[in-house]
Amino acid sequence: MWRRLELQMIHAYHKCFSINSSGTRHTQSLLLSSKEMLSSVLLLCWMGSVTLGSPVQLINNGYTGVVVAINPHVPENPALIEKIKEMFTEASPYLFTAARKRAFFKDVRILIPTTWKENHSLYKKPSTETYKEASVQVADPFCDKSIGAPYTSTLGYCGKEGKHIHLTPEYLLNDQAIDMYGPRGRVLVYTWAILRWGVFSEFNFQQPFHRHFTGEIEAVRCSKNIRGSIKNRYSKRDCKIDPWTGLPSKNCVFIPHKEQNTKASIMYQPSIPQVTEFCDDSTHNFEVLNDQNKQCDYRSVWGVISQTKDFRGGNNPPMTADPPSPTFTLLRARQRVVCLVLDTSGSMKDSDRINRLRQAAMIFVDQIVEQGSRVGIVEFKGSAQILKGLVLIDGQAARTQLASALPSAADGGTKICSGVQKALEVLRQDDGDTAGDEIILLTDGEDSSVGSCLEEVKRSGVHVHTIALGPSADPRLEEFATGTGGKSFSANDKLDSNALMDAFSDITSQSGDDITSAVQLLSKGGRTIPGSWFQGEVPVDSTVGKNTVLAFTWEHAQPDITVRSPSGGSYKNNDMEIHSGEKIAKLNIPGIAEIGIWSYKIVNTHSSPQTFTLLVTSRAADECVPPVTVTGGISETQTTYPQPLLISAQLSQGAWPVINANVTAIVDLGEKTVNKLRLVDSGTGADKTKDDGIYSAMFHSFKGNGRYSVKFEVQGVKGGVEYPKNAVPERPRHSSGRMRRSAPSLRQTSTALGSFSRTASGGTVTVKGVPAVLRDDFPPGKVTDLTASVANNTVVLQWTAPGDDYYTGTVSSYDIRIGLSPQALRESFTAALPLNTSSLHSVPAGQTQTLLLPLESLAAMNQSVVYLALRATDEEGGTSEISSITQLSTYEALSQAPAGSDPSRCWLYLWICWI
């Protein structure tokens, strides 16, 4: 079977990767045989596709299109703008030095929120810049005016771009932040390296110390040439050793000396004055466990950076002259302007599509679109017409006016471009411009001329969100979304999927104002027989409750509906707003909805079976308590079998990750199949970092060609808010008679959220090339959490088991190798020493796999620190990518030696002893 894919895999490998032929001190060119490619290329291509994209470009060594966006809830303060300018001006030459004269900040755009006063002499109109897509976001979501550690939001993939850098206004305005974290320009370069190049901290927040094989206690750092002392952070005295760990106690901190003889590394402590470089292969510390070594398989920071798109292949060679200072452009965000472009061709009569469109669009204009927005409506068939010009949403009357203008009849052909061009006319009604405006384009049909207006739309600067309804929507539809930075969705004709309402509900403002944006608490559907009922519960948590609306729909006849509050209050049909023509009933909970579990019951009083749906939305109850939100989607908008897809959902409250929730992705291919996929935040499998609020899984259960829609369902029972990952380490130093604490001591424990639920659309992906007869085309997944330790004179290897097909099923066997360096394992795995795995019995995917080995089995290595990695094999002979690399310190082995051991009988360096 694998031989059948060989030519396809070789082609895919070279398409996905450019292989560097020039080596460095510790690396060599990567040369793979076609057979080796087969085992890894699918996963590698998948990882290569995991990028969030960015409008930022590096052109002639200068970064352009860098956007810094200020949140609408940040009070107006011109000093904030000046501090942002100072930070980038300070950072640019530091970045230039750190990037070896190959990069600097050239063009920075500062996006001012609409809540700040207009100033036409200072602020220009934005084009496509939005808060959500900004490289740097300035926000104080909890209104606590704390400095807060700067951090970078990322999916955690080595060498891949992240999402954004987060700064608080107080961090920029209060110079105490410099004392805490170091100069702002240096801190920006630290966070930029994580954001742009996908590198990680060389500090270890959880375990800042380790034992060298000589028995000396060392700080986890890079480079090892950073000198300092270990002191109690409170008393300034020498540290005590914890008898359980053999390491300094939790109150101890490593204090770098004021004078250093090394320039590396920024990713350890950018605040050290002499540090101006990233660790490269000559200075990288391979002996320690930190995020950089863990996530990047012991590659040096500069080794990763040099292979990113900015620099690989000779891109952006070193400059011979110093760079100019950054230029700054001030932009003021605009109020949201949206035009609905709705298909009313004859095929919209099928499967009750026209009424379902009307229901979903009514929900959008009545519940979702934000106050202060402007909304217009266009319909298209063989031609297009404006149903409603732009209407300012300034109250319920405006929403009702828009809802009454929604189309209700369908006939004729399909001319998509006519509708889009008419929408551009509508969008010009407010200020004569369309840049930054939005189009929501829904169609169920094909149009051979759909590409004729695509370039015009791109030039307009408008964002187009597409909704493909039914199985026959034009295959080029998503090009409008991908070409303009919009979202793409698909909805099938199953009445209980609620996909159409989910799509409209997900198209919220990109302003960053989570307080006024609608949050979807529940989206459910079900089919019942006469006299039966559809019922359930929905929790209203403490972060929401304002403008809470329960919207019910039915297929044939209005049912009897009962809603009960947590305290027992009851709402019936006569308490609701009934729209018989659209078959929708809405219950608007007055004031702030009661916190707790609400229940609903829908009784089918019709003589025939019918389908019911329920959509529950709400908004934040307190402007200083942001709601829990879920965002995310799929790694690609289109893919070709057998390349898998990464599905990720980010759960957060303001800027903080929400952990310990149950997150499910529902992957739907219309009538053919529905897959429920559990997403995890465990740091295993497809998920890179534990407890960062990003829940991930790999999807490969393709059942046919077509559009697959994704929907997230979130349940929080023991959920909590966690301190963000990738935060800048606080500089450890003396201050005001006591020693300033380092970042680990500031790390906060989770704050409980109680019971909550959320749903959201994850978009759509088009899959091609699925064979009529499915084969076992998928190798085992990569092991990402391999650990090694010593207990009772035994080496203990543990990892989370992958599956026969990535992370499902059970693998057949494991090949575990031990090497003298991580490079040896990474680049010449099969040449490393194999370990005996004959006693190992594979467990199903997701379970903990354990292998116990006698210490003597490692003695032949004769090395102070050894490194281990593994590959899994399935029954078809497919092999996984090489696992994450772990290390085993020989000091740990020595500490486990039996009582009475004779040191003279210890192996040299390895320190393995026996009685």
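Reading guide: rules and limits
- Residues numbered from 1 in each chain as written.
- Predicted model: local features only at pLDDT ≥ 70, side-chain atom pairs only at ≥ 80, totals over all residues.
- Heavy atoms only, no water.
- Helix = DSSP H or I, 4+ residues; strand = E, 2+ residues; numbered from the N terminus.
- Buried < 20%, exposed > 50% of the residue type's maximum accessible area, 1.4 Å probe, protein only.
- Contact = heavy atoms within 4.5 Å.
- Areas by Shrake-Rupley, 256 points an atom, 1.4 Å probe, with all protein chains shown as cover.
- Disulfide = S-S within 2.5 Å.
- Pairing = 2+ DSSP bridges.
- Axes fitted to C-alpha atoms, helices over the stretch in contact; angles between N-to-C directions.
- Salt bridge = Lys/Arg side-chain N within 4 Å of Asp/Glu carboxyl O.
- Phe/Tyr/Trp six-rings, centres within 6.5 Å; stacked < 30°, edge-to-face > 60°.
- Lys NZ or Arg CZ within 6 Å of the ring centre and 35° of its normal.
- Parallel < 35°, antiparallel > 145°, perpendicular 65-115°, else oblique.
- Left-handed = near helix turned anticlockwise from the far one by under 90°.
- Nonpolar A, V, L, I, M, F, W, Y, C, P; charged D, E, K, R; others polar.
- Polar contact = N/O pair within 3.5 Å; in protein donor to acceptor, adjacent residues only side chain to side chain.
- pLDDT = per-residue confidence, 0-100.
- Expected span 1.5 Å × (residues − 1).
- Bend = angle between axes of the 7 residues up to and from the residue.

(A) View of the overall build of the chain. Looking only at helices and strands, one finds 17 helices and 48 strands in the chain. In the chain, buried positions account for 58% of the 915 residues. When contacts within the chain are restricted to residue pairs at least 6 apart in sequence, long-range pairs at least 24 apart make up 75% of them. Total accessible area computed for the chain in this model is approximately 35900 Å², and 49% of it derives from carbon and sulfur atoms.

(B) Expanded view of the state of the cysteines. Overall, the coordinates contain five disulfides when judged by the stated rule. Put simply, C158 and C296 are joined by a disulfide, and their sulfur atoms are 2.1 Å apart. Where C158 bonds to C296 through sulfur, the torsion about that S-S bond is close to 110 degrees, and the disulfide is right-handed. One end of the pair, C158, is in the loop between β7 (151–153) and β8 (164–167); the other, C296, is in the loop between α7 (291–295) and α8 (301–305), with 138 residues separating them in the sequence. Among the residues examined, C296 registers a relative accessible area of 1% and is labelled buried. Shown here is the disulfide that connects C222 with C279, its sulfur atoms set 2.3 Å apart. Measuring the twist about the S-S bond at about -120 degrees, one finds the C222-C279 disulfide to be left-handed. In this pair, C222 is assigned in the loop between β10 (217–219) and β11 (228–232) and C279 in the loop between β12 (252–256) and α7, connecting sequence segments 57 residues apart. Each of the two residues, C222 as well as C279, counts as buried.

(C) Region of the structure containing the sheet that holds strand β22 (residues 544–554). Read from one edge of the open sheet, five strands run β20-β28-β22-β26-β25, paired in antiparallel fashion. Since the sheet does not close on itself, it has two edges, and those belong to β20 (519–528) and β25 (577–579), each with one partner. For this sheet the average axis-to-axis angle between neighbouring strands, irrespective of direction, equals 15 degrees.

(D) Quick look at unusual backbone geometry. A cis amide bond links A264 with the next residue in sequence, S265, at an omega value of 20 degrees. When you line up the elements, S265 lands in the loop between β12 and α7. A cis amide bond links Y641 with the next residue in sequence, P642, at an omega value of 10 degrees. Positive phi is not limited to glycine here, since K583 has a value of about 55 degrees. Its place among the elements puts K583 in the loop between β25 and β26 (584–588). Note on K583: relative accessible area 22%, which makes it partly exposed.

(E) View of the pattern of salt bridges. A full pass over the atoms with the stated rule returns 42 salt bridges. Taking the shortest distance from any N to any O, the salt bridge between K381 and D411 comes out at 3.4 Å. Pair noted here: K381 is in the loop between β15 (374–380) and β16 (384–392) and D411 is in the loop between α10 (396–404) and α11 (416–427), with a separation of 30 residues, a long-range link. Via salt bridges that share partners, K125, R334, D430, D431 and D437 belong to a single interconnected network.

(F) Layout of the packing of aromatic side chains. On inspection of all chains with the given rule, the structure shows 23 aromatic pairs. An angle of 90 degrees between the planes, with centres 6.0 Å apart, marks the rings of W197 and F278 as edge-to-face. Separated by 81 residues along the polypeptide, W197 in helix α6 (residues 184–197) and F278 in the loop between β12 and α7 bring together distant segments of the chain. Of the residues examined, F278 reaches a relative accessible area of 2% and is grouped as buried. Judged by centre distance (5.9 Å) and plane angle (25 degrees), the ring pair of F203 and Y268 falls under stacked. Of this pair, F203 sits in the loop between α6 and β9 (209–211) while Y268 sits in the loop between β12 and α7, and the two are 65 residues apart along the sequence. Assessed through its relative accessible area of 2%, Y268 is described here as buried. Through a chain of ring-to-ring contacts, three or more aromatic side chains come together here, namely Y641, F699, F702, Y708, F778 and Y806. Over the face of the ring belonging to Y171 we find R184, whose NZ or CZ atom lies 5.8 Å from the ring centre.

(G) A look at the packing of helix α9 (residues 353–368) against α10. It is at 9 Å that the axes of α9 and α10 come closest, and there the two elements cross at 165 degrees. By the criterion of interaxial angle, the relationship of α9 to α10 is roughly antiparallel. Our pair here, α9 against α10, has a crossing hand that is right-handed. Residues R358, M362, V365, D366 and Q367 of α9 touch α10, and the partners they reach there are Q396, R399, L402, A403 and S404. The residue inventory of the contact of α9 with α10, partitioned by class, reads four nonpolar, three polar and three charged.

(H) Seen up close, the environment of T414. Position of T414 among the secondary structure elements: in the loop between α10 and α11. Separated by 31 residues in the primary sequence, T414 and S383 place their C-alpha atoms 7.8 Å from one another. Within the local environment of T414, its side chain forms a polar contact with the side chain of S345, the two groups lying 3.3 Å apart.

(I) Looking closely at the sheet that holds strand β18 (residues 463–469). The sheet built from six strands is open, its strands ordered β16-β15-β14-β17-β18-β19 with mixed pairing. Lying at the two open borders of the sheet, with one neighbouring strand each, are β16 and β19 (488–491). Direction aside, neighbouring strands of the sheet carry axes that sit 15 degrees apart on average. The sheet contact formed by strand β14 (residues 337–343) and strand β17 (residues 438–443) spans five bridges and is parallel. Across the sheet, the residue bridging to V338 is E438, located in β17. Its contacts with the sheet put α10 on β15 and β16, and the angle it makes with β16 is roughly 175 degrees. Sitting on the sheet, helix α14 (residues 499–506) is in contact with β14, β17, β18 and β19, with an inclination near 160 degrees to β19.

(J) Just the packing of α9 against α14, in detail. Axis separation between α9 and α14 bottoms out at 9 Å; the angle between their running directions is 30 degrees. Looking at the two axes, α9 sits roughly parallel to α14. Here α9 runs over α14; the crossing is right-handed. The segment α9 lies against α14, with R356, L357, Q359, A360, A361, I363, F364 and I368 engaging L500, M501, F504 and S505. Here the residues of the contact of α9 with α14 sort into nine nonpolar, two polar and one charged.

(K) Inspection of the confidence of the model for the chain at higher detail. Overall, the prediction assigns the chain a mean pLDDT of 88, with 88% of residues at 70 or greater. Taken together, the stretch residues 1–53 has pLDDT below 50 and engages in 97 contacts with residues farther than four places along the chain or on a different chain. This model gives residues 896–915 a pLDDT under 50, and the stretch forms 46 contacts once residues within four places in sequence are excluded.

(L) Structural view of the side chain of Q520. Locating Q520 in the fold gives a position in strand β20. Separated by 3.1 Å, the side chains of Q520 and D502 make a polar contact. Of the polar contacts made by the side chain of Q520, one reaches the side chain of T759; its length is 2.7 Å. Contact partners of Q520, with chain neighbours within four places excluded, come to D502, S505, L615, V616, T617, S757, R758, T759 and A760.

(M) Geometry of the pairing of β16. Note: β15 against β16, six bridges, orientation antiparallel. Looking at the pairing, V378 lines up with I386 of β16.

(N) Just the environment of F778, in detail. The topology assignment puts F778 in the loop between β41 (756–768) and β42 (787–791). For F778, a relative accessible area of 5% puts it in the buried group. Measuring from C-alpha to C-alpha, the distance between F778 and Q643 comes to 8.8 Å, with 135 residues separating the pair along the chain.

(O) Helix α3 (residues 78–98), seen in detail. Given a rise of 1.5 Å per residue, 21 residues ought to cover 30 Å, and the 31 Å separating the end C-alpha atoms of α3 matches this to within 8%. Most pronounced at S92, the bend in α3 amounts to some 25 degrees, and the proline P93 follows within four residues. Taken as a whole, α3 has its buried residues at L80, I81, K83, I84, M87, F88, A91, S92, Y94, L95, F96 and A98. Once α3 finishes, R100 follows within two positions and takes phi at roughly 60 degrees, a positive value.

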